[in-house]
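For reference, the chains in residue letters:
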2 protein chains.
Amino acid sequence: MAQAGRFEQLWSAIVDIGRDPTTGGYRRFAWTEPDLKMREWFADECASRGLDLIEDRMGNQWAWWGDPDIDASGGIVTGSHLDSVPDGGAFDGPLGVVSALAAIDILRASGIEPHRAIGVVNFVDEEGARFGVSCIGSRVITGALSPERALALRDTDDVTMAEAMRAAGRQPEQLGADPEAVGRIGSFIELHIEQGRGLIDLGRAVAIGNRIWAHGRWRIEIPGEANHAGTTRLSDRQDAVIGCARAVLAARAAAEVHGSLATVGKISIQPGGVNAIARSATAWLDARAASEPALRATVAQIAEQVAASDAVLTEESRTPQTALDNDLVARLAGLLDDAPVMSTGAGHDAGILANAGVPAAMIFVRNPTGVSHSPAEWAEPDDCRAGVAALATVLTDLAGSEQ
Amino acid sequence: MAQAGRFEQLWSAIVDIGRDPTTGGYRRFAWTEPDLKMREWFADECASRGLDLIEDRMGNQWAWWGDPDIDASGGIVTGSHLDSVPDGGAFDGPLGVVSALAAIDILRASGIEPHRAIGVVNFVDEEGARFGVSCIGSRVITGALSPERALALRDTDDVTMAEAMRAAGRQPEQLGADPEAVGRIGSFIELHIEQGRGLIDLGRAVAIGNRIWAHGRWRIEIPGEANHAGTTRLSDRQDAVIGCARAVLAARAAAEVHGSLATVGKISIQPGGVNAIARSATAWLDARAASEPALRATVAQIAEQVAASDAVLTEESRTPQTALDNDLVARLAGLLDDAPVMSTGAGHDAGILANAGVPAAMIFVRNPTGVSHSPAEWAEPDDCRAGVAALATVLTDLAGSEQ
């Protein structure tokens, strides 16, 4: 089980899809051309392995080796997502899907015949780059996000998710919670690039993820009064950009006070003219903390401070602190040479599934830059192989096998 | 000369062109469909009056009543521009063009035959809403902006002005300084909506403009390091949005210290994802002051403060404090019942021409909201008529006439 199957071949087939030639970053947004190409690539790879591909009511793709419906407790599922943030790295998402296929190749090359069905999933729109809400695929099928709310989300071109799905040849009216699809997941193991410096500091290639910080997104709407930048006295102004700047700094200050993380990465200004005082601004806040109280305190402090600019803070999505499955984490630790166990501030579909009662754990692969959501995101080939090998070991154990 | 000619008819023909039905504001950007429609409307109105329409090397439209080349000192020109800021008001620009045509109607209805040619001009891209530099039309023909620099300017979709002009059926290679066109302007009178509260406070309908503040635009580029918003420690971050927020507040603080105006109305963030720490941000600064030293001090203070975030401030355009023509201003004051004389912080083509040695003055029409660059911009019909009547009086006097 030392080889990594066809990992490099799988990887090279997708490395150019949705890549911006200028930045080297990826722009694989839900239901856009590059996303559809990635889905097609996934379907082709599954077909070439004789896996049964089905889609659930959200369009998440599930490829099964064996029939998960035979066993009332479902199958063993691995996988991740294939979309990206704007100018994202190559590994966040695809590493988990490619490693899943490569791990199946290893099992088959080793002549393993699993007792339980093994599934590979590609979750739709994990990053939320287009419609502002993350983990759409897992939220909708578990009922954490209603189809009405999901379909009404709008991208920056004011296209609703319903319109985007229809333009991509989908039928948005099918969308909804899918207990049948969720019920097929006996256990979920998501392999993912590490998005921090933990494994660098520990000198290890692979870790086990046991916990996801509480996190969420809020919209801060700052009102102003449109006017001419060259003729309006400072004392007569209500400039939304000033309120927006204060909100950005208030977020950072609150995170420092509460030992949490708070980030504004997206701002929209209306009307956005160089010589026009802004009539409104919207800043999107991403906040995270190791505990629920710390997250609540962070957001409450920001809300209080922006209220001074008459700004209003509205929750767009929120995921509570999520403990992944203790037994599963312990089992992985035993299988993987006592690999280190760590928590993460990043949200994942594994966390959404865990909140819906699915036993879930994660495997992280070392990122030598410590940088993610950027073209600088990286994993060494040896570490990728170590990740695939770890995943193959875990699948073999969880699915049970005869050799 | 009490009637206002066909003012209302002229006005109603353009009131829907380029208007956003949601905001009620105008989006007439250079070389876009609404701008081309406005140009066509102007050409048609000039043709219906038997005016000779010519275009200079920048595409500014000049409609002549009489031959300006007969008199070595040129003709008497009035007019303004037909483009808008994003979600701009109806009056900024078009009021000057419509009033010019209406004033000619009055002169003709009164049987006046001017000794000197009278011209009406529509200047291209006065607001600079699309390419970031204002008064493109007058800057290029006076040689204040080189054709190379103008054509290389880019809009937010990365379209160059050369490409935009070509797409609009123009020949950008013709573009350049046009001393012949400038030489035909014996005097220039630009009528414009007031963009402040001066005439409200004075209880007058019309004022004469004698001076334009020093003003300019600067680009502030703030570097950052792209990373994941959920996993990067605050101490490890270089977040361009934080630097951008500090730049916005530094600009306001500097304006307060120096009694000037400084505004950020447009910001661009890369990559702009909700959960991505920004790798770069650009903020555009609009700064103005009654004197050159005050403007210099304002911008120097901002540059010094943003340097703490490793941000760099680059001048995009700058117009020195501009005295309009003293003799012309005095003559207008005598003709217009001692109308008040005032300066303005807003830039105008009249200022660009004055800097190129053309005798120029302005007429301002009261704006009861005091608000400009916004759908709230307004002028009462009586005040519009007063503006047209004032312009007709001035044209009659300057052009000389037999009746």
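Residues numbered from 1 in each chain as written. Chains lettered and ligands numbered in written order. Predicted model: local features only at pLDDT ≥ 70, side-chain atom pairs only at ≥ 80, totals over all residues. Heavy atoms only, no water.

Draft legend 1. Spotlight on the overall build of chain A. Of regular secondary structure, chain A possesses 13 helices and 17 strands. On C-alpha atoms alone, chain A measures out to a radius of gyration of 22 Å, which is about the 22 Å that the 2.2 N^0.38 rule sets for 403 residues. Its C-alpha atoms put chain A at 80 × 45 × 40 Å along the principal axes. The proportion of buried residues among the 403 residues of chain A is 63%. Partitioning the contacts of chain A with sequence separation of at least 6, the portion at a separation of at least 24 is 78%. Here chain A has roughly 14,200 Å² of accessible surface; of this, 47% comes from carbon and sulfur atoms. Distance between charge centroids for chain A: 5 Å, based on 34 positive and 55 negative side chains. (Helix = DSSP H or I, 4+ residues; strand = E, 2+ residues; numbered from the N terminus. Rg over C-alpha atoms; globule rule 2.2 N^0.38 Å. Buried < 20%, exposed > 50% of the residue type's maximum accessible area, 1.4 Å probe, protein only. Contact = heavy atoms within 4.5 Å. Areas by Shrake-Rupley, 256 points an atom, 1.4 Å probe, with all protein chains shown as cover. Lys, Arg positive; Asp, Glu negative; His and termini not counted. Charge placed at Lys NZ, Arg CZ, Asp CG, Glu CD.)

Draft legend 2. Representation of the nonpolar core within the structure. Counting residues in hydrophobic clusters, the biggest one holds 68 residues, and the most contacted among them are A:Ile220 and B:Ile220. Apart from the residues within four sequence positions on either side, B:Ile220 is in contact with B:Ala247, B:Ala281, B:Thr282, B:Ala283, B:Leu285, B:Ile302, B:Val306, B:Ala311, B:Val312 and B:Leu313. (Core = buried A, V, L, I, M, F, W, Y, C linked by side-chain atoms within 4.5 Å.)

Draft legend 3. Structural context of the domain arrangement of chain A. Residues and elements named next belong to chain A. When cut into domains, chain A gives domain 1 (2–213 + 321–402) and domain 2 (215–318). On the domain 2 side, the residues contacting the 15 residues of domain 1 number 12 residues. In this assembly, domain 1 packs against domain 2 so that about 1,100 Å² is buried in total across both faces, 40% of it on carbon and sulfur atoms. Three residues stand out in domain 1 for area buried against domain 2, namely Gly132, Trp213 and Gln321, and they jointly supply 49% of the buried area on that side. The interface formed by domain 1 and domain 2 includes 0 salt bridges. Remark: the boundary between domain 1 and domain 2 carries 6 residue pairs in polar contact (both at pLDDT 80 or more). A breakdown of the residues in the side of domain 1 that touches domain 2 according to their chemical character gives 4 nonpolar, 7 polar and 4 charged. (Domains from an automatic or database assignment. Buried area = accessible area lost by both parts, 1.4 Å probe. Salt bridge = Lys/Arg side-chain N within 4 Å of Asp/Glu carboxyl O. Polar contact = N/O pair within 3.5 Å; in protein donor to acceptor, adjacent residues only side chain to side chain. Nonpolar A, V, L, I, M, F, W, Y, C, P; charged D, E, K, R; others polar.)

Draft legend 4. Quick look at unusual backbone geometry. Here the amide bond leading from A:Gln270 into A:Pro271 is cis, since omega sits at 0 degrees, within 30 degrees of zero. Residue A:Asp125 is not a glycine yet carries a positive backbone phi of 50 degrees. When you line up the elements, A:Asp125 lands in the loop between β5 (118–123) and α4 (136–142). With relative accessibility at 3%, the residue A:Asp125 sits in the buried group. For B:Asp338, which is not a glycine, the phi torsion comes out positive at approximately 50 degrees. Under the relative-accessibility criterion, B:Asp338 is labelled exposed at 60%.

Draft legend 5. Examining the side chain of B:Asp286 more closely. Within the secondary structure, B:Asp286 is located in strand β12 (residues 280–289). Within the structure, B:Asp286 has its side chain in polar contact with the side chain of B:Arg288 (distance 2.7 Å).

Draft legend 6. Examining the packing of aromatic side chains more closely. All told, the structure shown has 10 aromatic pairs over all chains when counted by the stated rule. Centroid distance A:Trp62 to A:Phe123: 5.6 Å. Interplanar angle 80 degrees. Geometry classified as edge-to-face. Within this pair, whereas A:Trp62 is found in strand β2 (residues 61–65), its partner A:Phe123 is found in strand β5, the two being separated by 61 residues in sequence. Both residues of the pair, A:Trp62 and A:Phe123, belong to the buried class. Pairing B:Phe7 with B:Trp11 gives two aromatic rings, centres 5.8 Å apart and planes at 10 degrees, and the pair type is stacked. Linking B:Phe7 with B:Trp11, this pair stays in helix α1 (residues 7–14), spanning 4 residues, or about one helical turn. On the basis of relative accessible area, B:Trp11 is assigned to the buried category, the value being 14%. Linked through ring pairs, A:Phe7, A:Trp11, A:Phe91 and A:Trp378 together constitute an aromatic cluster. Taking NZ or CZ as reference, A:Lys266 lies 4.6 Å from the ring centre of A:Trp284, over its face. (Phe/Tyr/Trp six-rings, centres within 6.5 Å; stacked < 30°, edge-to-face > 60°. Lys NZ or Arg CZ within 6 Å of the ring centre and 35° of its normal.)

Draft legend 7. Broad picture of the sheet that holds strand β8 (residues 214–223) of chain A. Residues and elements named next belong to chain A. If you walk across this open sheet you meet the 4 strands as β10-β12-β8-β13, and the pairing is antiparallel. The open sheet is flanked by β10 (261–270) and β13 (312–319), the only strands paired with a single partner. Recorded for the sheet is a direction-independent mean angle of 20 degrees between the axes of neighbouring strands. Helix-sheet contacts for helix α9 (residues 240–258) involve β8, β10 and β12 (280–289), and the interaxial angle to β10 is about 170 degrees. (Pairing = 2+ DSSP bridges. Axes fitted to C-alpha atoms, helices over the stretch in contact; angles between N-to-C directions.)

Draft legend 8. How the structure looks around the relation of the copies chain B and chain A. By a simple turn and slide, chain B fits onto chain A: the slide is 0.0 Å along the axis, the RMSD is 0.0 Å, and the turn is 180 degrees. Taken together, the rotation angle and the small translation identify this as a two-fold axis. Relative to the rotation axis, the C-alpha of B:Ala245 is the closest in chain B, positioned 2.1 Å from it. Of the residues that chain B buries at the interface, 100% are likewise interface residues in chain A, meaning the two copies contact each other through the same surface. (Least-squares fit on C-alpha atoms with pLDDT ≥ 70 in both.)

Draft legend 9. Spotlight on the interface of chain B and chain A. Residue-level contacts link 58 residues of chain B with 58 residues of chain A. Together, the buried faces of chain B and chain A total about 5,100 Å²; carbon and sulfur atoms form 61% of this surface. Among the residues chain B hides against chain A, the three largest losses belong to B:Leu234, B:Arg252 and B:Val274. Together they make up 14% of the total. Counting every contact that joins chain B to chain A gives 2 salt bridges. A salt bridge links A:Asp87 to B:Arg279; the shortest N-O distance between them is 3.1 Å. Where chain B touches chain A, the interface holds 18 residue pairs in polar contact (both at pLDDT 80 or more). At the level of secondary structure, the elements contributing two or more residues to the side of chain B that touches chain A comprise β9 (227–228), α9 (240–258), β10 (261–270), β11 (276–277) and β12 of chain B. Take the side of chain B that touches chain A: its biggest share by element is 9 residues, from α9(B). A breakdown of the residues in the side of chain B that touches chain A according to their chemical character gives 23 nonpolar, 20 polar and 15 charged.

Draft legend 10. Representation of helix α3 (residues 94–109) of chain B. Residue and element names in this part refer to chain B. Its 16 residues give α3 an end-to-end C-alpha distance of 22 Å, which sits within 8% of 22 Å, the value for a rise of 1.5 Å per residue. Within α3, 14 of the 16 residues are buried, which leaves the element mostly enclosed by the surrounding structure. Taken from the residues just after α3, Gly111 is the one with a positive phi, measuring 75 degrees. (Expected span 1.5 Å × (residues − 1).)

Draft legend 11. Structural detail: the sheet that holds β10(B). Residue and element names in this part refer to chain B. Ordered in space as β10-β12-β8-β13, the 4 strands form an open sheet in which the pairing is antiparallel. The sheet terminates laterally at β10 and β13 (312–319), the two strands that pair on one side only. Ignoring which end each strand starts from, the neighbouring axes of this sheet average 20 degrees apart. Here strand β8 (residues 214–223) runs beside β13; their pairing, made up of 7 bridges, is antiparallel. Counterpart to Trp218 in the pairing with β13 is Glu315. Packing of α9 onto the sheet brings it into contact with β8, β10 and β12, and relative to β10 it is tilted by some 170 degrees. Lying over the sheet, helix α10 (residues 292–306) contacts β8, β10, β12 and β13, oriented at roughly 5 degrees with respect to β8.

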